[in-house]
Amino acid sequence: MIRCVPDYYNDFRCLAERCPHSCCIGWEVMVDDDTAAFYQSVPGELGQRLRQALQRDEDGAYCFPLQGGRCPFLERSGLCEVYRRLGEARTSFICRTHPRFFDDYGSRREESLCASCPEVVRLVLSRDAQFTESDWEGPSGQTPSLLNPLLRCRDRALAILRREGTPLREKLGELLLFANEVQSRIDEGEEASLPQFAEEWTAPDLPIPDERHRAEVWPHVLELLQSLECLGSDWSSLLQTGRNSGGVPLYHAPELWGQRTAVYFLFRYWLHSVWDGDVLSRAELCVLATAVTGSLSAPYPDCLRMFCREIEHCDENLEALQEAFCHRFRLIDLLGLM
Ligand code: SF4
């Protein structure tokens, strides 16, 4: 089995008490069954408080409901009491693994870090990520038939984003056109042609959306984002500021940051389409995320962190965006965001 990770993966260290946006604030901590069972046996006053705090959510899963907006075991110092007194291995699975994501594709596992964490944002924006593969002894399932063709296509898509000397806007536009062609071949049942297609791809002329079109699309994008489940009031305020400004947002962040953001989203989501064949929506997510984070009126790292927190940690929000890409937005609308 192959394991693939970004080259900054092993550099991640939780900022713990130095973190300005602790993930233990504002989010209910889910507790896996094994850890919940262990908490039943913890002696003394800590064990008593663990058992008192442990509740079941509406789906019947164990969790620690927030107290005053914080995990009940987050100490004022910013440290985790469970970690400090019982050790990291006794924290719940989500606490031990956050902000890591794991995606299994049969004979391939991909792991990444989520940029909802400020330290991951720093890592993502600090370098042109490369993705390293190694042999891995994990359990292997059935490999989806689209995996190999879409891996070849992702390599090409990454090469488009990394091409030097081309404006970011053009690279994102080319990515959309490339994904659109890949999508057509999947829809036509021509997956076998994808590796050669990816190899022979040449950049076409991009259609250029006019200003009037851009002015029409942006309010729809902000409205869509505002209609999603909201995890933080800072995000809804930022979107409202964007809507109140009335103008057409302009991408104003460094192009290199936008490129690295696009690469981050491409690595994280492109291969999800091996399960449903919807590669175009994943490319559109990549473009939307890059355009939105670079166009809102807050420092770019904060915009990226908030976007990832709101979208990547909520399956319903990811599904709502995929639905909107399929039914509400056309390719030219996405092209007009940059
Ligand atoms: S957001 Fe990141 S750096 Fe901050 S406490 Fe959570 S994992 Fe650590």
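Computed from a predicted model, the values in this text were never measured in an experiment. Each chain carries its own residue numbering, running from 1 in the direction its sequence is written. Owing to the predicted nature of the model, reporting of local features is limited to residues with pLDDT of at least 70; listing and counting of side-chain atom pairs is limited to 80 or more, with chain, interface and lining totals taken over all residues. Note: side-chain values were computed over all heavy atoms of the structure, leaving out hydrogens and water.

Observations regarding the nonpolar core
Put simply, the rule is: Residues grouped as a nonpolar core are buried Ala, Val, Leu, Ile, Met, Phe, Trp, Tyr and Cys residues, joined through side-chain atoms within 4.5 Å. Partly exposed describes any residue whose relative accessible area lies between the buried limit of under 20% and the exposed limit of over 50%, with all areas from a 1.4 Å probe on protein chains only and scaled to the type maximum. Residue contacts follow a heavy-atom distance rule, with two residues in contact if any of their heavy atoms lie within 4.5 Å.
Counting residues in each nonpolar core, the largest one holds 91 residues, and the members touching the most others are Leu150, Phe178, Leu225, Phe265, Trp270 and Phe307. Beyond its immediate sequence surroundings of up to four residues, tryptophan 270 is in contact with Leu150, Cys153, Arg154, Ala157, Leu175, Phe178, Ala179, Phe265, Val279, Arg282 and Ala283. Counting residues in hydrophobic clusters, the runner-up holds 15 residues, among them Val29, Leu46, Ala53 and Cys71.

Let's talk about the domain arrangement of the chain
To keep things clear, this is the line we draw: An automatic or database domain assignment supplies the start and end points of every domain. By convention, the term buried area covers the 1.4 Å-probe accessible surface removed from two parts as they join, with the contributions of both added. Salt bridge, as used here: a side-chain nitrogen of Lys or Arg that lies within 4 Å of a carboxyl oxygen of Asp or Glu.
Assigned domains within the chain: domain 1 (2-12 + 103-135), domain 2 (24-97) and domain 3 (147-335). Tallying the contact residues gives 25 residues for domain 1 and 26 residues for domain 3. When the two sides are added together, the surface that domain 1 and domain 3 hide from each other amounts to roughly 2000 Å², 64% of it contributed by carbon and sulfur. In terms of surface lost to domain 3, no three residues of domain 1 exceed Tyr105, Leu125 and Phe131, which account for 32% of the buried area on that side. Joining domain 1 to domain 3, the criterion identifies three salt bridges. Between aspartate 103 and arginine 268 there is a salt bridge, with the nearest N and O atoms lying 2.8 Å from each other.

Brief notes about the sheet that holds strand 4 (residues 62-64)
Worth spelling out the cut-off: Pairs of strands are assigned from DSSP output, requiring at least two bridges between the strands. The secondary structure listing takes helices from DSSP runs of H or I that are at least 4 residues long and strands from runs of E that are at least 2 residues long, numbered from the N terminus.
Read from one edge of the open sheet, three strands run 2-4-3, paired in antiparallel fashion. Of all the strands in the sheet, the pair left with one neighbour each is strand 2 (29-31) and strand 3 (55-56). Across two bridges, strand 3 lies against strand 4 in antiparallel orientation. Bridge pairing links arginine 56 to tyrosine 62 in strand 4.

So, the packing of aromatic side chains
Put simply, the rule is: A pair of aromatic rings is counted whenever rings of Phe, Tyr or Trp (Trp by its six-membered ring) have centres within 6.5 Å, and the orientation is called stacked for planes under 30 degrees apart, edge-to-face for over 60 and tilted otherwise. Should the NZ of a Lys or the CZ of an Arg lie within 6 Å of a ring centre and within 35 degrees of the ring normal, that charge is described as sitting over the ring.
Taken as a whole and judged by the stated rule, the model has 14 aromatic pairs. Between the aromatic rings of phenylalanine 178 and tryptophan 201, the centroid separation amounts to 5.1 Å while the plane-to-plane angle is 70°, which identifies the pairing as edge-to-face. A residue pair is termed long-range when its members are at least 10 positions apart, and phenylalanine 178 in helix 7 (residues 168-187) and tryptophan 201 in the loop between helix 8 (194-200) and helix 9 (211-227) qualify at 23 residues. Owing to a relative accessible area of 0%, phenylalanine 178 belongs among the buried residues under this scheme. Note on tryptophan 257 and tyrosine 300: the rings are 5.6 Å apart at their centroids and 40° apart in plane angle, and the pair reads as tilted. Of this pair, tryptophan 257 sits in helix 11 (residues 255-269) while tyrosine 300 is found in helix 14 (residues 300-312), placing the two residues 43 residues apart along the sequence. The exposure class of tryptophan 257 is partly exposed, given its relative accessible area of 28%. By relative accessible area, tyrosine 300 is classed as buried at 5%. Here arginine 56 stacks its cationic end above the ring of tyrosine 62, 4.1 Å away from the centre of that ring. Positioned above the aromatic ring of phenylalanine 101 is the side chain of arginine 268, whose terminal nitrogen or guanidinium carbon lies 3.5 Å from the ring centre.

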